[in-house]
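# Summary of structural features
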Amino acid sequence: MKYVSTRGLTSPHSFSEAVEAGLAPDGGLFLPEVLPSIAEKLSEWERLSYAEVAAEFFSIFAPEISKVEWHELTSAAYARFESPDVAPLVELDERTYVLELFHGPTLAFKDFALQLLGLLYKRQVRMSGRSIAVLGATSGDTGSAAIHGCMGQEGITIFIMYPDGRVAPLQERQMACTGAANVFAIPVPGTFDDAQRMVKEAFADTAFVERCGLSAVNSINIARVLAQSVYYIWAWLKLPPAVRETVEFVVPTGNFGNVLAGWLVKQMGLKVGGFRVATNQNDILFRFFTTGRYEEGVVKPSFAPSMDIQAASNFERFLYYMLEQDTAKVREVMGRMKAGEVVEFGQLDNGFRASRMDDVEIPGAIERVWKEYGYVVDPHTACAFKGMAPDGVSVVLATASPAKFPEVVMQATGSEPIHSALELLKGKALVRNPLAADVELVKAFVAERV
Ligand SMILES: *Cc1c(COP(=O)(O)O)cnc(C)c1O
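These notes cover the structure that comes with them. (Residues numbered from 1 in each chain as written. Predicted model: local features only at pLDDT ≥ 70, side-chain atom pairs only at ≥ 80, totals over all residues. Heavy atoms only, no water.)

To continue, consider the sheet that holds strand S6 (residues 156–163). Strand pairing in a sheet relies on backbone hydrogen bonds. The paired strands run either parallel or antiparallel. If you trace the 4 strands from one edge of the open sheet to the other, you get S7-S6-S5-S8, paired in parallel fashion. The two strands at the open ends of the sheet, each matched to only one other strand, are strand S7 (183–188) and strand S8 (214–216). With strand direction ignored, the average angle separating the axes of adjacent strands in the sheet is 25°. With 6 bridges joining them, strand S5 (residues 132–137) and S6 adopt parallel strand pairing. Bridged to Ala 133 within S6 is Thr 157. Contacts between helix H20 (residues 439–449) and the sheet are confined to S5, S6, S7 and S8, with S6 contributing the most and set at about 155° to the helix. (Pairing = 2+ DSSP bridges. Helix = DSSP H or I, 4+ residues; strand = E, 2+ residues; numbered from the N terminus. Axes fitted to C-alpha atoms, helices over the stretch in contact; angles between N-to-C directions. Contact = heavy atoms within 4.5 Å.)

Below you can see the structure in the form of structure tokens.
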């Protein structure tokens, strides 16, 4: 299995090379050269544990790592989750299920990919004898999950930038209170998109990347997307067989990484009804899927900060398929988007629905779900509870624990959601490394510490 770039100017990479590079050298994103079919494996996978399904799935995409080793990697990654099911599927009523993706160490779905990625980095350091520096930007949850995947690992140093004052206080504590010497939490002025742009600029300096052994940890890494594909398969296997083929997955969406992972497994032969992209008031993807226009707006901070994004970095992967894998066209369209142009795609028929929920609605949605089902959702997951498919079954992906966002949840339900892992953090010292929004300063900061 080889991995090609969406922009077509990179030679095919192996899985390990694509994971190590993160972003392709031509600025594109890696994807499998062909999407294999998994349809004929599903009945075999029905009996397996979560970690076993993940190992079988990854063996298809990275056969250069032995099956035995994949089983070791995934069982170590998912042993750190507090639920034996790893991703429990909870039935709210016969038409509404919640796939709980928040039982990992940082209580958000990013742990699924980043616990595994941390172990892949560790394997890479062991095999190459070279240390690596992980650099990423976060709107909150990616950074903490990446840090928890890498902290204390020999040969790895991790640097995470985040928009100062725009991540939830507990998210910041998860990044800045680890006490680990190989972790640097870096608040920067501006928005997530500004921080992400600096990461992209740093990666564009190939000499710097080479010198520091730099690896990207944001949602563009192909290993992350594939790790997220697994729980769609898992949920499908847990659903009653009669509803599997019509189910709609509802995905609180920011960077388009999570829902893309599901869409890819559909292309691999998992028969599902479709997907709904649920955005908050930062609604670029809602607008795209309802009008066919891709037009960046200005980020408006919301109750669901991990979705406060107006430049969906994984969208390029979808674009690649939409443009029928014509990489010259991808380059052209990405160039226009980068220049801030509005891109018109016209009428779309691609199996996606979309919904949007603004900050005025979020507390009410949390309250409604609480009253109707006795179930507490976080403000990201709340965005999914609008515009449910009128017939058929929906699986809502619960992307974070309500305990990460106590203020708005308490306002809506009247009681404070608590998690012991977060309570522990409250007593620890915050270690921040603030920098100005200047990529040269960031590069110097990294170079001094690797
Ligand atoms: C990251 C995140 C999202 C958005 O996921 P994308 O892959 O960026 O679409 C939604 N909810 C939570 C809690 C998140 O951490």
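To continue, consider the side chain of Asp 378. With respect to the helices, strands and loops of the structure, Asp 378 is situated in the loop between helix H16 (362–373) and helix H17 (379–382). Summary of buried charges: Asp 378 has no salt-bridge partner, and the nearest side chain of opposite charge, Lys 404, is 8.6 Å away. Side chain to side chain, Asp 378 and Thr 381 meet in a polar contact 2.5 Å long. If near-sequence neighbours (up to four positions away) are discounted, Asp 378 is found in contact with Ile 366, Thr 399, Ala 400, Ser 401, Pro 402, Phe 405 and Val 409. (Buried < 20%, exposed > 50% of the residue type's maximum accessible area, 1.4 Å probe, protein only. Lys, Arg positive; Asp, Glu negative; His and termini not counted. Salt bridge = Lys/Arg side-chain N within 4 Å of Asp/Glu carboxyl O. Polar contact = N/O pair within 3.5 Å; in protein donor to acceptor, adjacent residues only side chain to side chain.)

This part is about the site of the ligand. The immediate surroundings of the ligand are formed by 15 residues, with Lys 110, Asp 141, Gly 254, Asn 255 and Thr 399 found nearest. In the environment of the ligand, an oxygen atom lies 2.5 Å from a nitrogen or oxygen atom belonging to the side chain of Asp 141. Phe 256 places a polar main-chain atom, nitrogen or oxygen, 3.1 Å from an oxygen atom of the ligand. Compared with its free state, where it exposes 380 Å², the ligand has 97% of that area covered by protein. Residue composition of the shell around the ligand, by class: 5 nonpolar, 8 polar and 2 charged. (Near = heavy atom within 4 Å. Areas by Shrake-Rupley, 256 points an atom, 1.4 Å probe, with all protein chains shown as cover. Nonpolar A, V, L, I, M, F, W, Y, C, P; charged D, E, K, R; others polar.)

Our next topic: the packing of helix H6 (residues 141–150) against helix H7 (residues 169–176). At a closest axis distance of 8 Å, the pairing of H6 and H7 adopts a crossing angle of 25°. Here H7 runs roughly parallel to H6, going by the angle between their axes. For the element pair H6 and H7, the recorded crossing hand is left-handed. Counted together, Asp 141, Gly 143, Ser 144, Ile 147 and His 148 of H6 and Gln 171, Gln 174 and Met 175 of H7 form the full contact between these two elements. A breakdown of the residues in the contact of H6 with H7 according to their chemical character gives 2 nonpolar, 5 polar and 1 charged. (Parallel < 35°, antiparallel > 145°, perpendicular 65-115°, else oblique. Left-handed = near helix turned anticlockwise from the far one by under 90°.)

Turning our eyes to something else, we now look at the layout of surface pockets. Size it by volume and the largest pocket reaches roughly 1200 Å³. Leu 23, Gly 27, Lys 200, Glu 201 and Phe 203 are the residues nearest the centre of the largest pocket, which is lined by 40 residues in total. Going through the elements one at a time, helix H1 (15–21), helix H5 (110–128), helix H8 (192–204), helix H9 (206–212), S8, helix H14 (315–322) and helix H15 (327–338) are the ones with two or more residues in the lining of the largest pocket. It is H8 that contributes the most residues to the lining of the largest pocket, 7 residues altogether. The residue inventory of the lining of the largest pocket, partitioned by class, reads 16 nonpolar, 11 polar and 13 charged. In this structure, the second largest pocket occupies an estimated 250 Å³ of space. Lining of the second largest pocket is provided by 15 residues; of these, Ala 168, Pro 169, Pro 305, Phe 405 and Glu 407 occupy positions nearest its centre. Broken down by secondary-structure element, the contributors of at least two residues to the lining of the second largest pocket are H7 and helix H18 (406–413). Ranked by residues supplied to the lining of the second largest pocket, first place goes to H18 with 3 residues. For the lining of the second largest pocket, a count of residues per class yields 10 nonpolar, 1 polar and 4 charged. (1 Å grid on protein atoms, 1.4 Å probe; cavity = no way out; pocket = protein on both sides within 12 Å on 5 of 7 lines; lining within 4 Å. Points joined across faces, edges and corners; volume = space filled by probe spheres on them.)

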